[in-house]
Structures are given as C-alpha cells and as structure tokens.
Amino acid sequence: SFLGCNNKISLIHNFDEAEWDYTKTVIFNFDINDTSKTYDLMMVFCNTLNYQYQNLYLIIETRHKNNTISTDTVHYNITDKYGKWLGKGGGSIKNNYFNYKNNVVFDQIGTYSLELKHGMRTNPLPGSSSIGVQIIQND
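Residues numbered from 1 in each chain as written. Predicted model: local features only at pLDDT ≥ 70, side-chain atom pairs only at ≥ 80, totals over all residues. Heavy atoms only, no water.

(A) Molecular detail of the sheet that holds strand 9 (residues 110-118). One open sheet accounts for 4 strands, arranged 4-9-6-7; its pairing is antiparallel. The sheet terminates laterally at strand 4 (26-32) and strand 7 (67-77), the two strands that pair on one side only. In this sheet, neighbouring strand axes are inclined to one another by 20° on average, regardless of whether the strands run parallel or antiparallel. (Pairing = 2+ DSSP bridges. Helix = DSSP H or I, 4+ residues; strand = E, 2+ residues; numbered from the N terminus. Axes fitted to C-alpha atoms, helices over the stretch in contact; angles between N-to-C directions.)

Printed below as a string of structure tokens:
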C-alpha cells in the first residue's frame with residue numbers, strides 16, 4: 001500500500017499462480033484521518049488472457065472497528081458482448097478499472113477495511129492476476 005499524490009491511497013493484492021480462491025478473502029486496510037471530506041473508491045482487476053468469463057462479480061464488505069458498515073455485490077464487465085477485452089494493457093495482462101462508490105462519507109476517524117471475495121461459479125478463478133483498490137480523497 002502507499003499514499004500517493006493528490007490524497008490517493010492505492011492498495012493491491014497479487015494472486016499466487018493467477019488464481020483467486022473465493023475462500024481466501026482479500027482484505028485491504030486503510031486509515032481515514034479527515035471525516036469532513038468525501039472519498040471515491042475505485043477497483044482495479046488485472047486478468048490474464050486465461051480469464052474465462054466476460055464479467056466479474058465481487059462481494060465487498062466495508063468494516064470499521066470489527067463492525068460491518070455495508071455489504072455489496074457488484075458486477076463488472078471484463079469484455080464486450082463479442083468477447084473483446086475492455087481492460088487496458090498490452091500483452092497477456094489486462095487492467096480493468098471500475099468505479100465502486102463515489103462521495104463516500106466516513107463518519108469516524110480510524111482504520112477501515114474492504115474485504116473482497118469473488119462471486120463467480122468457478123473456484124479457484126483462473127486468470128486472476130491481481131485486485132486492487134484506490135481510495136481518493138475529494139477536495
């Protein structure tokens with residue numbers, strides 16, 4: 001994880017052997033120090049050409065102090081209806097950027113977590129290179 005320019009936190013998790021096992025939750029912890037600001041949450045999913053589906057379902061739980069704030073199931077397209085990759089990048093890795101939530105208000109200072117599982121039928125999910133999140137503080 002790192003805090004970059006423009007008040008942005010970027011966190012990434014790389015999958016062993018490009019496979020995501022849904023029993024292994026990916027947890028991203030991050031600190032919120034300013035509750036007067038809003039935040040945009042972005043997801044990035046990097047897949048190899050071995051990814052077999054046109055989409056990705058994610059189950060995302062937001063937590064603070066061991067309390068669940070929200071649980072969402074989200075759906076993102078990875079290809080168009082003809083099977084053309086929507087992600088950016090040359091070679092065998094495609095980077096897919098998704099808007100998760102805009103103008104999120106965190107009402108307490110402290111450490112939060114985003115806990116991710118995939119909601120696909122195949123397990124483990126081949127072609128999953130990495131998953132990441134960006135937390136962007138709005139001005």
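There is more to say, and it comes next.
(B) Summary view of the pattern of salt bridges. All told, the structure shown has 3 salt bridges when counted by the stated rule. The partner of R63 in a salt bridge is E115, with the nearest N and O atoms 3.6 Å apart. One end of the pair, R63, is in strand 6 (residues 55-64); the other, E115, is in strand 9, and 52 residues separate them in sequence. Given a relative accessible area of 18%, R63 falls into the buried group. The shortest N-O distance in the salt bridge between K101 and D72 comes to 3.1 Å. One end of the pair, K101, is in strand 8 (residues 93-104); the other, D72, is in strand 7, and 29 residues separate them in sequence. Residue classification places K101 among the partly exposed positions, given a relative accessible area of 27%. Look at D72 and you get partly exposed, because its relative accessible area is 21%. (Salt bridge = Lys/Arg side-chain N within 4 Å of Asp/Glu carboxyl O. Buried < 20%, exposed > 50% of the residue type's maximum accessible area, 1.4 Å probe, protein only.)

(C) Molecular detail of the nonpolar core. In this structure, W20, F30, M43, L116 and I131 are the most contacted members of the largest nonpolar core, which totals 31 residues. Those elements giving two or more residues to this core turn out to be strand 2 (8-14), strand 4, strand 5 (39-48), strand 6, strand 7, strand 8, strand 9 and strand 11 (128-137). Look past the residues within four positions of I131 in its chain and what remains in contact with it is L11, I12, H13, F15, W20, V26, F28, V44, F45, L58 and L116. (Core = buried A, V, L, I, M, F, W, Y, C linked by side-chain atoms within 4.5 Å. Contact = heavy atoms within 4.5 Å.)

(D) Region of interest: the side chain of D40. Inspection of the secondary structure assignment puts D40 in strand 5. Although D40 lies buried, it forms no salt bridge, and the closest oppositely charged side chain, K8, sits 11 Å away as judged by the N-O distance. For D40, the side chain forms a polar contact with the main-chain nitrogen of N103, separated by 2.9 Å. Apart from residues no more than four positions distant in its own chain, D40 is found in contact with K101, N102, N103, Q134, I135, I136 and N138. (Lys, Arg positive; Asp, Glu negative; His and termini not counted. Polar contact = N/O pair within 3.5 Å; in protein donor to acceptor, adjacent residues only side chain to side chain.)

(E) Fine view of the environment of N29. By the element assignment, N29 lies in strand 4. In this structure the C-alpha to C-alpha distance between N29 and Q108, which are 79 residues apart in sequence, comes to 15 Å. Each residue touching N29, except ones within four places of it in the same chain, is listed here: L11, T111, Y112 and S113.

Geometric descriptors of this kind do not, in isolation, establish any biological role.
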